[in-house]
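Listed below are the residues making up each chain.
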Amino acid sequence: MFETDNYIVSWEQSKYIVASSFLFMFPAFYAYYTSQYFFAYFLFATTVFSANYWRKATFFWRRNADLVFAKISFALFFVNGIMYVKYVPYIVSFYSCLILLVYCYYLSGKLHLQNNNNWIKYHVLFHVLSISAILLVLDEMKQIKM
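Counting of residues starts from 1 at the beginning of each chain's written sequence and follows it residue by residue. Per-residue local features of the predicted model are confined to residues with pLDDT of at least 70, and side-chain atom pairs are confined, for both listing and counting, to 80 or more; whole-chain, interface and lining totals are unaffected and use all residues. To obtain the side-chain values, all non-hydrogen atoms of the structure were used and water was disregarded.

Time to look at a nonpolar patch on the surface. Patches were defined on residues exceeding 30% relative accessible area and lacking a salt bridge, with like-charge contacts within 9 Å and nonpolar side-chain contacts (Val, Leu, Ile, Met, Phe, Trp, Tyr) within 5 Å. Only the protein chains shown count as cover for residues, and the accessible areas themselves come from Shrake-Rupley with a 1.4 Å probe. Salt bridge, as applied in this entry: a Lys or Arg side-chain nitrogen positioned within 4 Å of an Asp or Glu carboxyl oxygen. There is a patch of nonpolar side chains on the surface, built from Phe 74, Phe 78, Val 79, Ile 82, Met 83, Tyr 95 and Val 102 and spanning about 580 Å² of accessible area. With five residues, helix H4 (residues 61–84) is the largest single contributor of residues to the nonpolar patch. Examined against the element boundaries, Phe 74 turns out to sit in helix H4. Going along the chain from the N terminus, every DSSP run of H or I of four or more residues is numbered as a helix, and every run of E of two or more is numbered as a strand.

Written out as structure tokens, the structure is:
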């Protein structure tokens, strides 16, 4: 299958999501710093696939790779969050982030379908909330030998 220039969104819109995709490097660096190397490399790959897709948002293999890595990343940190987040303030923060990030993801998709440019804000906020939840999970898991 060959790539076309049939853009899902323009660079004017996607540049903000490219920038927010690179924010996933913060938990990747934190995971590396705390010797959670699998998570560090996985978050690095997630960052690369996400930014690579959004830099030229077309129907191509980059989109599929981003979708696969994003879904695996969500599942990975969701399951580990349920298993390892035990500190009460982190529990409240983690589940609050989850509720808000699911809502932002939903609203981002809904507004995008309506051609409402506010979808970008909600997708960037989805990234920020995801990163916050990931950092909570990584912080709770840093003491556990995996």
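We now examine the packing of helix H2 (residues 25–33) against helix H6 (residues 119–141). The N-to-C vectors of H2 and H6 enclose an angle of 5°; their axes lie 9 Å apart at closest approach. As the angle between them shows, H2 and H6 are arranged roughly parallel. On the side of H2, the interface is formed by Pro 27, Tyr 30 and Ala 31, while H6 contributes Ile 131, Ile 134, Leu 135, Leu 138 and Asp 139. We call Asp, Glu, Lys and Arg charged. Ala, Val, Leu, Ile, Met, Phe, Trp, Tyr, Cys and Pro are nonpolar, and the rest, Gly among them, are polar. Grouping the constituent residues of the contact of H2 with H6 by class yields seven nonpolar, no polar and one charged. Axis geometry follows a simple rule: fit a line to the C-alpha atoms, using only the stretch in contact for helices, then measure angles between N-to-C directions, giving values from 0 to 180 degrees. Angular relationships are summarised with four words: roughly parallel below 35 degrees, roughly antiparallel beyond 145, roughly perpendicular across 65 to 115, and oblique for the angles in between. In this analysis, two residues are considered to be in contact whenever any of their non-hydrogen atoms come within 4.5 Å of each other.

Below, the discussion takes up the packing of aromatic side chains. Stacked, edge-to-face and tilted labels apply to pairs of Phe, Tyr and Trp rings (six-membered ring for Trp) whose centres lie within 6.5 Å, assigned for plane angles under 30 degrees, over 60, and everything in between, in that order. Scanning the entire structure with this criterion turns up 14 aromatic pairs. Taken together, a centroid distance of 6.0 Å and an interplanar angle of 35° make the contact between Trp 54 and Trp 119 tilted. Here Trp 119 lies in helix H6 and Trp 54 lies in helix H3 (residues 37–55), a separation of 65 residues in the sequence. Here Trp 54 falls in the buried class, since its relative accessible area comes to 9%. Connected via pairs of aromatic rings, a cluster forms that spans Phe 38, Phe 39, Phe 42, Phe 49, Phe 69 and Phe 77. A simple rule labels every residue: compare its accessible area, found with a 1.4 Å probe on the protein chains alone, to the largest value its type can have, and call it buried under 20%, exposed over 50%, or partly exposed in between.

Shape descriptors only; they carry no functional weight alone.
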